Amino acid sequence: MKERNILEATVLTSPNPLTLICSQNEDGTTNLAPICFVSYLSFNPPMIGFACGKQSHTGKRVRETGKAIVTVPGQSLAQAVMACGSTTGASTHKVAENHIEMVDVEGSSIQIPADTRLAMVATLKQTVEVGDHILHICQVDQFLGDESRQGLYAWNGFGKVAPAQEG
Ligand SMILES: Cc1cc2nc3c(=O)[nH]c(=O)nc-3n(C[C@H](O)[C@H](O)[C@H](O)COP(=O)(O)O)c2cc1C
C-alpha cells in the first residue's frame, strides 16, 4: 500500500454520500450548499451531523436560525449541485441563479428542491469546532422520502456528482 493524503482518501471512498443542505437566508429565501461531510449519528433520538468550512454561509445561517433541511438531491440537479458548490449564499441567490424548482415543506420556512429523494428536517443541538470545519450536530424532526427519485453521490472525491450504480 502507498501513503495517501486525505483528498486521495476521499477518492478511494467514492462514491461518497452527498447532501444538499437547505438553510434560510436573511431575506427568507433558501440557500443551498452541497456537503459531503455528513453522517447519521444516533437512532434514538434520530441525529445527524454535518461539517461546514468556517467561512460557509450555510454554517453561519444554521447556527443563527437553529434550523436546516438536509436533503439528498435527485438526478436532475447534478449541474445545479456543482454550481451551488462554487458560489456562496453570502452574495448569491443560488436558487434563482440556477433556476432550481423549489417546494414548501409543511411546518418549515425553508424550502427544498422539487427533485429530492430524501429530506431530513433538522434542529441544531450542538456545534463542535473540528480543525478547519465546524461540526453541526442536529436532531431530525422529520424524514420525508421519495424512493422513485434517484439520488446523487459524489465521485472522484468531491469532483463530480452522479448516481451510484449497483453491482
Ligand atoms: C460535491 C461537493 C461536496 C462538498 N462538501 C463540502 C463539505 O462537506 N463541507 C464544506 O464545508 N463544503 C463542502 N463543499 C463546498 C461547499 O459546497 C462550498 O464551499 C459552497 O460554496 C458553500 O456555500 P455557502 O457559503 O452558501 O454555504 C462541497 C462542494 C461540492 C461540489
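One structure accompanies this document, and this report is about it. Values in this document were obtained by computation on a predicted structure and should not be read as measured data.

This paragraph deals with the site of the ligand. In the vicinity of the ligand there are 22 residues, among which Gly53, Thr58, Thr87, Thr88 and Gly89 approach most closely. Contact between the ligand and Phe37: an oxygen atom at 2.8 Å from a main-chain N or O atom of the residue. In this structure, an oxygen atom belonging to the ligand sits 3.5 Å away from a main-chain N or O atom of Gly85. For the ligand, whose unbound accessible area comes to 650 Å², protein coverage reaches 84%. Spatially, the ligand is embedded in the largest pocket.

This next bit is on the packing of aromatic side chains. The full count for this structure, using the stated rule, is one aromatic pair. Aromatic pair Phe37 and Phe158: ring centres 5.8 Å apart, planes at 65 degrees, arrangement edge-to-face. Here Phe158 lies in the loop between β11 (153-155) and β12 (160-162) and Phe37 lies in the loop between β3 (30-35) and β4 (38-42), a separation of 121 residues in the sequence. For Phe37, a relative accessible area of 39% puts it in the partly exposed group. Assessed through its relative accessible area of 33%, Phe158 is described here as partly exposed.

Quick look at the sheet that holds β11 now. Hydrogen bonds between backbone atoms are what pair the strands of a sheet, whose relative direction is either parallel or antiparallel. The three strands lie next to each other as β1-β11-β12, forming an open sheet whose pairing is antiparallel. Taken across any chain shown, the strands that pair with only one partner, and hence form the sheet edges, are β1 (16-17) and β12. Sheet topology note: the β11/β12 ladder contains three bridges and is antiparallel. Across the sheet, the residue bridging to Ala154 is Val161, located in β12.

Before going further, it helps to spend a moment on the pairing of strand β5 (residues 47-53). Summarising burial for β5: six of the seven residues are buried, a large majority. Both β4 and β5 contribute to a ladder of four bridges, which runs antiparallel. Across the sheet, the residue bridging to Tyr40 is Ile48, located in β5. Hairpin geometry of β4 and β5 is characterised by an intervening segment of four residues between the two adjacent antiparallel strands. Inspection of the sheet shows β5 paired to strand β10 (residues 133-145) by seven bridges, in the antiparallel sense. Across the sheet, residue Phe50 finds its bridge partner in β10, namely His136.

Spatial strand order, β3-β2-β6-β9-β10-β5-β4: seven strands in an open sheet with antiparallel pairing. Unpaired on one side and paired on the other, β3 and β4 mark the two borders of the sheet. Neighbour to neighbour, the strand axes of the sheet diverge by 35 degrees on average, direction disregarded. By the bridge criterion, three bridges tie strand β2 (residues 19-24) to strand β6 (residues 67-73) in an arrangement that is antiparallel. When the bridges of β6 are listed, Cys22 appears paired with Ile69. Lying on the sheet, helix α2 (residues 57-65) is in contact with β2, β3, β5, β6, β9 (116-130) and β10; it crosses β2 at an angle near 50 degrees.

Conventions used here
- Think of each chain on its own: its residues are numbered from 1, step by step along the sequence as written.
- In keeping with the model being predicted, local features are shown solely for residues with a pLDDT of at least 70 and side-chain atom pairs are shown and tallied solely at 80 or more, while totals for entire chains, interfaces and linings include all residues.
- Calculation of side-chain values draws on the structure's entire complement of heavy atoms; hydrogens and water are dropped beforehand.
- Here, proximity means that at least one heavy atom of the residue falls within 4 Å of the molecule or strand.
- Two N or O atoms form a polar contact when they lie within 3.5 Å of each other; inside protein one atom must be a possible hydrogen donor and the other a possible acceptor, and for residues adjacent in sequence the pair counts only when both atoms belong to side chains.
- Using the Shrake-Rupley algorithm and a 1.4 Å probe, accessible areas are obtained, with residue cover drawn only from the displayed protein chains.
- Residues are said to line a cavity or pocket when one of their atoms sits within 4 Å of a point; the points come from a 1 Å grid over protein atoms alone, cavities being sets where a 1.4 Å probe fits but cannot get out and pockets being open sets with protein on both sides within 12 Å along at least five of seven lines.
- For a molecule to be placed in a cavity or pocket, more than half of its atoms must lie within 2 Å of the grid points of that cavity or pocket.
- Here the aromatic set is Phe, Tyr and Trp, taking the six-membered ring for Trp, and pairing holds for ring centres within 6.5 Å; pairs whose planes are under 30 degrees apart are stacked, those over 60 apart are edge-to-face, and all others are tilted.
- Only DSSP runs of H or I with at least four residues qualify as helices, and only runs of E with at least two residues qualify as strands; both kinds are numbered from the N terminus onward.
- Accessibility here uses a 1.4 Å probe with only protein chains present; expressed as a share of the type maximum, an area under 20% marks a residue as buried, one over 50% as exposed, and anything in between as partly exposed.
- DSSP-based pairing: two strands are paired if at least 2 bridges between them are found.
- Structural elements are reduced to axes, namely lines fitted to C-alpha atoms, with helices fitted over the stretch in contact, and the angle between N-to-C directions of any two is expressed from 0 to 180 degrees.
- Any two residues whose heavy atoms approach within 4.5 Å at even a single point are treated as in contact.

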